[in-house]
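Fold and contact review
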Amino acid sequence: MELDKMDENDWKYHGEGNKSLVVSHVQLSRVLRLLKYPAEDSENPPQTVEQAFRQIQNIVDFSSNVMSSLLGEKFIHSGEVVKLPLEFVRQLSIKVQHQRPAWRCEKVMDIYSGCALCLPNLTSPALHQPTHTPPLCIEIKPKCGFLPSSKHVSKDIKTKVCRFCMHQHYKVAGGKWKRRSLYCPLDLFSGNRQRMHFAIRHLIEEPQNNLKIFKGGQCIYSSKEGSDDAMDLTSLLHHLRPYFQHGNIRINSHMTSKAVLNDFIQVLVNALLSGGGGGDGGVVTDRQGEGRSFCEASVFNKERIRHGSQGLPSDSVLFRTLQTQMLDTLDIEGLYPLFRRVEQHLQDFPKERTRLQMDGPYNEAFLEKLQKCPTEDDGSVEYAVAKVHQYRVAMTAKDCSIMVTLVPRSEEEEDDEGLSSQRWLRDFLSSRPPAFSYSVSILDLDPKPFDSIPRQLRLDQKIVSCYLRTGGALP
Ligand code: ATP
Ligand code: MG
Ligand code: ZN
Ligand code: MG
């Protein structure tokens with residue numbers, strides 16, 4: 001990829017979130033992640049080229065120096081900042097515009113700075129050979145996997161019903177989505193296979209922006225426009241079937257859809273409980289469960305299948321993500337007064353903003369500040385800053401995505417003349433899903449701005465009061 005010879009025809013629309021738009025290269029396993037601005041600023045970029053460059057460099061630093069040390073290096077790809085020719089970026093923005101979902105178009109792609117983040121394309125790994133069955137890639141945005149136990153929590157409901165489940169009521173009430181998702185993050189993070197299976201089944205039923213499935217780098221399943229119904233489950237099953245009917249095809253010509261879906265979910269659960277890469281992940285159970293790990297709003301819980309958490313293996317992506325989320329020890333209600341302490345201090349001593357690293361740089365010293373936080377509040381600004389830093393890191397971990405890439409074992413290994421009768425027998429007798437090699441990554445690890453904390457408190461209050469007004473009463 002030569003940066004001075006970029007051609008928009010080599011790139012295509014790949015996806016987008018709230019803050020960035022992503023394009024993928026048609027041949028290389030590469031993506032470019034470009035910033036987005038609110039559409040009303042489109043004539044007038046809200047920041048200079050230098051500021052845009054700094055913002056993306058901050059994302060790289062935060063990911064590689066802070067999040068990677070907390071989440072585990074093996075899961076992280078931080079990428080690098082690139083400067084692109086402006087003409088290329090303009091042509092690209094025109095090219096992708098018609099493919100963007102309408103509900104995302106209240107923001108426009110940054111065409112002024114020419115700055116972007118270049119990352120490996122996790123949905124289409126380099127090793128994949130075009131002659132083989134394309135890899136599957138499952139992206140899950142799990143959200144917060146624990147209930148707050150902070151003494152600062154003022155509403156009892158927050159210690160019983162998880163944030164995601166309460167937020168669902170708020171989003172449906174506000175018209176953001178038509179239907180409530182029955183996914184509960186506490187089920188996914190439980191480490192109990194049955195609960196995890198249940199969680200993923202509900203993600204598939206109502207993906208919203210918490211699930212996307214890619215095949216050979218192409219998105220084949222996600223929520224459609226805003227509040228519309230999810231993409232067709234039948235078409236997803238059509239895509240998945242060839243990956244899962246190995247062996248069985250010789251006995252039953254047709255696996256039931258339910259069996260295909262079950263096998264798919266089982267493979268995904270295995271990958272999420274594994275150490276993150278390679279073949280079969282051995283499942284070590286390192287108990288992590290302290291405090292409540294059931295959410296009362298989860299339908300699973302209502303069914304009263306209380307198996308208790310088997311615990312997450314300590315080297316699994318879910319364990320590391322949950323641990324990082326749990327750096328939010330005070331809850332927004334306990335954190336807010338500390339935010340105010342820092343804010344007041346910065347008003348009195350504006351130059352302190354740099355020393356306290358409120359907007360970076362995100363380096364070793366930043367990590368140290370948040371890791372060496374005293375356990376008790378000594379009234380100092382240092383304590384408040386450390387808690388604010390911890391909270392922001394936890395926010396990032398509550399908002400990231402987990403990407404599981406499944407590469408089917410090559411045809412020679414699995415099929416054709418090379419297939420020994422023994423192997424076939426094993427598949428048949430154990431009826432286990434076929435083997436994939438897989439890799440697990442975490443993406444979308446942007447630092448959350450210091451100034452967004454008051455908004456977090458207001459949102460929390462709105463969600464809780466909406467739930468108390470409407471939610472608890474609904475089935
Ligand atoms: P959010 O609204 O969740 O904060 P965002 O605006 O920060 O999202 P990302 O989540 O980083 O943006 O990227 C948007 C989408 O682009 C992702 O959901 C994912 O599908 C895709 N994507 C991002 N990075 C990669 C990558 N390295 N490889 C493949 N796909 C990617
Ligand atoms: Mg995202
Ligand atoms: Zn829940
Ligand atoms: Mg993001």
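Every chain is numbered on its own, with residues counted from 1 as its sequence reads. Each chain is given a letter, starting from A, and each ligand a number, starting from 1, according to the order in which they appear as written. For this predicted model, a pLDDT threshold of at least 70 governs which residues receive local features, and a threshold of 80 or more governs which side-chain atom pairs are given and counted, while totals over whole chains, interfaces and linings are taken from all residues. Excluding hydrogens and water, the side-chain figures rest on all heavy atoms present in the structure.

**Notes on the pairing of strand β1 (residues 11-16)**
Of all six residues that make up β1, five are buried, and the element is covered over most of its length. What makes two strands pair is DSSP finding at least two bridges between them. A run of H or I in DSSP counts as a helix once it spans at least four residues, and a run of E counts as a strand once it spans at least two, with each numbered from the N terminus. For β1 and strand β2 (residues 20-25), the ladder comprises five bridges, and the chain directions are antiparallel. Paired with W11 across the bridge in β2 is H25. Under the scheme applied here, a residue whose accessible area is under 20% of the maximum for its type counts as buried, over 50% as exposed, and between as partly exposed, the area being computed with a 1.4 Å probe on protein chains only.

**A closer look at the site of ligand 1**
Only a single heavy atom is needed: when it lies within 4 Å of a molecule or strand, its residue is near that molecule or strand. Near ligand 1 lie 20 residues; those nearest to it are N18, K19, R33, E139 and K141. Nitrogen and oxygen atoms within 3.5 Å of one another constitute a polar contact, given that in protein one can donate a hydrogen and the other can accept it, and given that sequence-neighbouring residues count only through two side-chain atoms. Between ligand 1 and D444 there is a distance of 2.8 Å, counted from an oxygen atom to a side-chain nitrogen or oxygen. Areas reported here follow the Shrake-Rupley algorithm with a probe of radius 1.4 Å; residue values treat only the protein chains shown as occluding. Against a free-state accessible area of 620 Å², the protein chains account for coverage of 95% of ligand 1. Elements that contribute at least two residues to the shell around ligand 1 include exactly β1, β2, β3 (30-38), β6 (115-120) and β8 (211-215). Taken together, the residues of the shell around ligand 1 break down into seven nonpolar, six polar and seven charged. Looking at which domains feed residues into the shell around ligand 1, each of domain 1 (3-120) and domain 2 (128-475) gives three or more. Charged means Asp, Glu, Lys or Arg here, nonpolar means Ala, Val, Leu, Ile, Met, Phe, Trp, Tyr, Cys or Pro, and polar covers whatever is left, Gly included. For each domain, the first and last residues come from an automatic or database assignment.

**Considerations on the packing of aromatic side chains**
Aromatic pairing here means that ring centres of Phe, Tyr or Trp (its six-membered ring) are within 6.5 Å. Orientation follows from the plane angle: under 30 degrees is stacked, over 60 is edge-to-face, and everything else is tilted. Considering all chains together, one arrives at 10 aromatic pairs under this definition. Aromatic side chains F164 and Y183 sit 5.2 Å apart centroid to centroid with 80° between the ring planes, which places their arrangement in the edge-to-face category. Of this pair, F164 sits in helix α3 (residues 163-173) while Y183 sits in the loop between α3 and α4 (185-188), and the two are 19 residues apart along the sequence. One exposure class covers both F164 and Y183, and it is buried. Where F244 meets F264, the ring centres are 6.0 Å apart and the plane angle is 80°; that geometry is what we call edge-to-face. Linking F244 in helix α6 (residues 233-244) with F264 in helix α7 (residues 257-273), this pair joins segments that are 20 residues apart in sequence. Neither F244 nor F264 differs from the other in exposure class; each is buried.

**Overview of the environment of V317**
Residue position: V317 is located in helix α9 (residues 317-325). Assessed through its relative accessible area of 1%, V317 is described here as buried. Each C-alpha atom of the pair V317 and K74 lies 9.6 Å from the other, and the pair is 243 residues apart in sequence. Residue contacts for V317: discarding those within four places in its chain leaves F75, L272, S274, I402, V440 and I442. Residue contacts are counted whenever heavy atoms from the two residues lie within 4.5 Å of one another.

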